[in-house]
Every structure is written in structure tokens, then in C-alpha cells.
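Here's the letter readout for the chains.
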Amino acid sequence: MIAILATVSSAQAGVEDAVVLVDGCSGVCVDEAGLVMTARHCDLPKTVTVRFKDRTVSATRIYVCPETEGPVIYGCEGNGYPFLPVAASPPQIGERL
């Protein structure tokens, strides 16, 4: 199983702003351009509705990991989204996530 972690810094959004609902599954926005990551087991269609805290937008699937429990990436229309970037490396013990 692949674990996806996001690090928090004052330059990015808070978790509550970057976590989204993707047609009934949870996800997280990982880029201000609207890249949203969710899980492959959600088995979502090519085009979905993504609900942010302050808006609802359409998104199109742009990547599916070949692994059963891997991530799926959707691209939302527009830009300027609240986000949490994907960590470059696994967190250290005691590091804030």
C-alpha cells in the first residue's frame, strides 16, 4: 500500500482547506493549479466533481497509478486552489504532518 503524506508550512493552506470531497471519496489538493489526489480504490469516472471548502469545480482524471491501492490524480478547472504539497521524503519521527 502506498502512503501519501503532505507536510504543513505557513506558506501552504491548512489541512481543512486542502482536503476535498471527490464524488463521495476523500482527496487532497496538492498544487495551486488544482491537482487533486485520491485513492484508486474509489473507482471514480474520468470526470468528477471536486468540493473544496469554498467552491465546487469539475476535474478530469490525468493519472492512474497501476498499483491497486495507488493514487489517482485529477486536474481541476482554473487555478489558485488551497493546497498541501506532497512530501519529498518520508517524515521523521516527531515531525509535524
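Residues numbered from 1 in each chain as written. Predicted model: local features only at pLDDT ≥ 70, side-chain atom pairs only at ≥ 80, totals over all residues. Heavy atoms only, no water.

Outline the nonpolar core, listing residues and values.
Counting 17 residues, the largest nonpolar core has Val 22, Val 36, Leu 44, Val 48, Val 50, Phe 52 and Cys 76 as the members making the most contacts within it. Within the residue set of this core, elements represented by two or more residues are β1 (19-22), β2 (25-29), β4 (47-51), β5 (56-64) and β6 (71-76). In contact with Cys 76, not counting residues within four places along its chain, are Ala 33, Gly 34, Val 36, Val 50, Phe 52, Val 57, Ser 58, Ala 59 and Tyr 81. Counting 6 residues, the second-largest nonpolar core is a separate cluster that includes Val 28, Val 30, Ile 73 and Leu 84. (Core = buried A, V, L, I, M, F, W, Y, C linked by side-chain atoms within 4.5 Å. Buried < 20%, exposed > 50% of the residue type's maximum accessible area, 1.4 Å probe, protein only. Helix = DSSP H or I, 4+ residues; strand = E, 2+ residues; numbered from the N terminus. Contact = heavy atoms within 4.5 Å.)

Lay out unusual backbone geometry in plain terms, naming residues and giving numbers.
Positive phi, close to 45 degrees, is recorded for Asp 23, a residue that is not glycine. Within the fold, Asp 23 resides in the loop between β1 and β2. The phi dihedral of Asp 43 is positive, around 55 degrees, even though this residue is not glycine. The topology assignment puts Asp 43 in the loop between β3 (35-39) and β4. Classification of Asp 43 as exposed rests on a relative accessible area of 68%.

Quick one: what's the story with the packing of aromatic side chains, residue by residue and with numbers?
In the structure shown here, the tally under the stated rule is 1 aromatic pair. Taking 4.8 Å as the distance between ring centres and 25 degrees as the angle between the ring planes, the aromatic pair formed by Phe 52 and Tyr 81 counts as stacked. Highlighted residues: Phe 52 in the loop between β4 and β5 and Tyr 81 in the segment after β6, separated in sequence by 29 residues. For the pair formed by Phe 52 and Tyr 81, the shared burial category is buried. Against the face of Phe 52 rests Arg 55, its NZ or CZ located 5.9 Å from the ring centre. (Phe/Tyr/Trp six-rings, centres within 6.5 Å; stacked < 30°, edge-to-face > 60°. Lys NZ or Arg CZ within 6 Å of the ring centre and 35° of its normal.)

Quick one: what's the story with the pattern of salt bridges, residue by residue and with numbers?
Following the criterion strictly, the structure yields 2 salt bridges and no others. With a closest N to O distance of 3.4 Å, Lys 53 and Asp 17 form a salt bridge. With Lys 53 in the loop between β4 and β5 and Asp 17 in helix α1 (residues 15-18), the pair connects residues that are 36 residues apart, well separated along the chain. With relative accessibility at 60%, the residue Lys 53 sits in the exposed group. Looking at Asp 17, the relative accessible area reads 23%, which means it is partly exposed. Among the salt bridges present, the one from Asp 54 reaches Arg 55, with a minimum N-O distance of 3.5 Å. Since its relative accessible area comes to 27%, Arg 55 is described here as partly exposed. (Salt bridge = Lys/Arg side-chain N within 4 Å of Asp/Glu carboxyl O.)

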